[in-house]
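# Working through the structure, step by step
Okay, here's what each chain looks like letter by letter:
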Amino acid sequence: MQKRQFLNAIAGATLALTATVTASTAMAQDKFKIGLILPMTGPFASTGKQIEAAARLYIAQNGDTVAGKKVELIVKDDTSAADVTKRLAQEMVVNEKVSVLAGFGLTPLAFATAPIATQSKTPMVVMAAATSSITQASPFIVRTSFTLPQAAVAIADWAPNNGIKKVVTLVSDYGPGIDAEKFFKDRLLFNGGQVLDSLRVPMRNPDFAPFLQKVRDLKPDAVYVFVPSGAGAALMKQFAERGMDKAGIKLIGTGDITDDDILNSMGDVANGVVTSHHYSASHNSALNKKFVTAFEKANNGLRPNFMAVGGYDGMRVIYEAAKATKGAGGQALLDAMKGQVFESPRGPMFIDAQTRDVVHNIYIRKVEKVNGQLYNQEFATLKDVKDPGKTK
Ligand code: PHB
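Note that the structure is a prediction, hence the values are computed from the model and not measured.

Attention now goes to the sheet that holds strand 3 (residues 69-77). Pairing in this open sheet of six strands is mixed, and the strands run 2-3-1-4-5-6 from one edge to the other. The open sheet terminates on both sides in strands that have one partner only, identified here as strand 2 (65-66) and strand 6 (141-143). Pairing of strand 4 (residues 100-103) with strand 5 (residues 124-126), which is carried by three bridges, proceeds in the parallel orientation. Looking at the pairing, A102 lines up with V125 of strand 5.

So, on to empty space enclosed by the protein. This model, assessed by the stated rule, comprises three cavities of 30 Å³ or more. One number sums up the size of the largest cavity: a volume of about 120 Å³. Together, 17 residues line the largest cavity, and G105, A128, A130, Y174 and M307 are the ones closest to its centre. Grouping the constituent residues of the lining of the largest cavity by class yields twelve nonpolar, four polar and one charged. Within this model, the second largest cavity holds a volume of roughly 40 Å³. A total of three residues in the lining of the second largest cavity trace back to one element, the largest contributor, which is helix 10 (residues 286-298). Each residue belonging to the lining of the second largest cavity can be placed in one class, and the counts come to three nonpolar, one polar and one charged.

We now examine the site of the ligand. Of all residues adjacent to the ligand, which total 14 residues, the nearest are T107, A130, Y174, S229 and D256. The separation between an oxygen atom of the ligand and a polar side-chain atom of T107 is 2.5 Å. A distance of 2.8 Å separates an oxygen atom of the ligand from a polar backbone atom of A130. Calculation on the ligand without its partners gives an accessible area of 280 Å², and the protein chains cover 99% of this total. With respect to the detected pockets, the ligand is housed in the largest cavity.

For the rest of this paragraph, the subject is the confidence of the model for the protein. Here the protein averages 93 in pLDDT, while 92% of its residues score no lower than 70. Segment residues 14-27: pLDDT under 50, and zero contacts once partners within four positions in sequence are set aside and those in other chains are kept.

Now for the nonpolar core. Ranked by size, the top nonpolar core spans 97 residues in total, and within it L101, F184, I252, F291, M315, I318 and M337 carry the most contacts. When residues no more than four places from it in sequence are discounted, the contact partners of M315 are I34, A55, Y58, I59, L73 and M127. Of all hydrophobic cores here, the second largest spans 26 residues; its members include V168, V223, M244 and V367.

Quick notes on the rules
- Residues numbered from 1 in each chain as written.
- Predicted model: local features only at pLDDT ≥ 70, side-chain atom pairs only at ≥ 80, totals over all residues.
- Heavy atoms only, no water.
- Pairing = 2+ DSSP bridges.
- Helix = DSSP H or I, 4+ residues; strand = E, 2+ residues; numbered from the N terminus.
- 1 Å grid on protein atoms, 1.4 Å probe; cavity = no way out; pocket = protein on both sides within 12 Å on 5 of 7 lines; lining within 4 Å.
- Points joined across faces, edges and corners; volume = space filled by probe spheres on them.
- Nonpolar A, V, L, I, M, F, W, Y, C, P; charged D, E, K, R; others polar.
- Near = heavy atom within 4 Å.
- Polar contact = N/O pair within 3.5 Å; in protein donor to acceptor, adjacent residues only side chain to side chain.
- Areas by Shrake-Rupley, 256 points an atom, 1.4 Å probe, with all protein chains shown as cover.
- Sits in = over half its atoms within 2 Å of the grid points.
- pLDDT = per-residue confidence, 0-100.
- Contact = heavy atoms within 4.5 Å.
- Core = buried A, V, L, I, M, F, W, Y, C linked by side-chain atoms within 4.5 Å.
- Buried < 20%, exposed > 50% of the residue type's maximum accessible area, 1.4 Å probe, protein only.

Next up, the structure:
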């Protein structure tokens, strides 16, 4: 090869290389990546399944491009282990350069990831976890699920007006359970009720039997329960086996206990149970009917629960923020999430710009049979409930 030919060849190769690099950079910039970290296996897999299905439904209904960029949803299973959630979040930020971190099926998983969101200035959309203080763990957190204090206070107002004065509380022994216990108790006492005892059960693989026996011995008007989504059926089964309902002890709680996901499998023991929550699959609105029908159609008849709605609304918040910032990330994307007001399948909701937390209606609901299927039928509404756990 002549020297000139050789130089030309090198120049050509360099050009080609530059072109390739430019094209792949452009391709990377043309993507809008959402890192969705969820428990897809283990005892909380139903939460992961519901949220992933809801996120995919949102994309199917609203298109897979936003602000001119192709949306890439990267779903990773953290097996509900906090160290795994944190490592996955780090990899998504550093290697995948995601614009948003999302998901977070349990409180400890959200807390473990908060420092990554802060350090990398990546908005983090909490779609499931519901301990009040999560939003204070990073200024980059926005929540689209709910908070336990919102739900707990509502049922503590309803109970004493409906013949339930003496209560034993029974909660999972971690963040949301402690919130559920404290806010229920304070409000019930304020309303002239009594808490005979406060029992806490382990979060993982709980054996409810000894705790339910204790409740039976105390003979309250009702036992008030919080267990995380997915655990309600086991509790209901043991409640029935011990004949608690026959002994005249009512079961009340936040809506996590009569989770739409598994409500039908709980059988007669669930019928008539009154709870407070922000979402029921039977919420009476055109938007919700459309959501439930589409969700069931896309998922072999699976009924969406409140986790699915947290995921669906989280995607809405992300899409609209991305449109407003024309796909820019970081602080601008976060700011565009704050203050969003919209209609969700749960009813009206907004993201409080100060707290970055969700404000929505809380409904009092009773489990009833509708066309042979058990549903949480909403019968009273508390409007625009802010998180009572926020001090500011
Ligand atoms: C939580 O860990 O924050 C959590 C999980 C499931 C629920 C509610 C709260 O149903």
